Structure formats: C-alpha cells, structure tokens
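Close look at the chain arrangement
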Amino acid sequence: MMSWLAAQLNRATLTGVVTDPSGAAVANAKIIATAQATNMTFATTTTETGNFTLPALDLGTYRITAEAAGFKKTVRDGIQVSSGATVRLDLTME
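The notes below deal with the structure included here.

Below, the discussion takes up the pairing of strand β5 (residues 60–67). The two faces of a sheet get side chains in turn, since along a regular strand they alternate between them. Where strand β2 (residues 30–35) and β5 come together, six bridges link them in antiparallel fashion. Residue pairing for β5: A35 is matched across the bridge by Y62. As judged from the six bridges shared by β5 and strand β6 (residues 74–81), these two strands associate in the antiparallel manner. Across the sheet, residue A66 finds its bridge partner in β6, namely T74. Counted along the chain from β5 to the antiparallel partner β6, the turn is six residues long, and its residue G70 has a positive phi close to 85 degrees.

We now examine the nonpolar core. Residues L14, Y62 and I64 are the most contacted members of the largest nonpolar core, which totals 23 residues. Of all the secondary-structure elements, those providing two or more residues to this core are β1 (11–19), β2, β4 (51–58), β5 and β6. Beyond its immediate stretch of four places on either side in the chain, L14 contacts F52, T53, L54, L57, I64, I79, V87 and L89.

The next thing to look at is the pattern of salt bridges. Side chains carrying opposite charge are able to pair once their charged atoms draw close together. Evaluated as defined, the whole model comprises four salt bridges. A salt bridge links R63 to D77, with the nearest nitrogen and oxygen atoms 2.5 Å apart. In this pair, R63 sits in strand β5 while D77 sits in strand β6, placing the two residues 14 residues apart along the sequence. The partly exposed category is assigned to D77, whose relative accessible area is 44%.

Cut-offs and rules
Residues numbered from 1 in each chain as written. Predicted model: local features only at pLDDT ≥ 70, side-chain atom pairs only at ≥ 80, totals over all residues. Heavy atoms only, no water. Pairing = 2+ DSSP bridges. Helix = DSSP H or I, 4+ residues; strand = E, 2+ residues; numbered from the N terminus. Core = buried A, V, L, I, M, F, W, Y, C linked by side-chain atoms within 4.5 Å. Buried < 20%, exposed > 50% of the residue type's maximum accessible area, 1.4 Å probe, protein only. Contact = heavy atoms within 4.5 Å. Salt bridge = Lys/Arg side-chain N within 4 Å of Asp/Glu carboxyl O.

Structure (structure tokens):
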C-alpha cells in the first residue's frame, strides 16, 4: 500500500471546462498539456458539457492548448501542477 501512495503523490490532475464567450460549452475541443521542461504531451477531448480531465500528469509547469473547429486556438503558459494536487483551469475560446 505504501508504494501506491508514493506513486500517487508524484502525479497531479488538471481539470476544467471549455466555453465560448457566451458561456456555452465547447464539446470535442482537443486539450493538450505540454510539460515545459520535457516537451512530453498529454491529451484529451472535452465532453458534450465542455469538461475535461487530464489525470496522472507529471509534476511541473505546462503549456495548455485548446483547439476546436470554428474557434481560435487558446494557449495558457506557466500552469503549475504540484504533488497530489487537482488544478482547475477553465478556458474560454474565441
């Protein structure tokens, strides 16, 4: 059991919701988290309600991009994830 706990503490989760300027959910947006130190990428897509979760991220600083048809690409730099944390990042796409 101890090794499982230790492994979990070396990871973090990024979660959020993607909306348009009116507040409507953006479904099927591609979310990519790129570790700025290693260039390792983690990807997912938003649900019909615009929600996304990227579990088990390596600790560090990330560039988060969101892309969806009909919207400009959204980029957020310097998103820090720390040990065992769940970081919330909501994005608005134009």
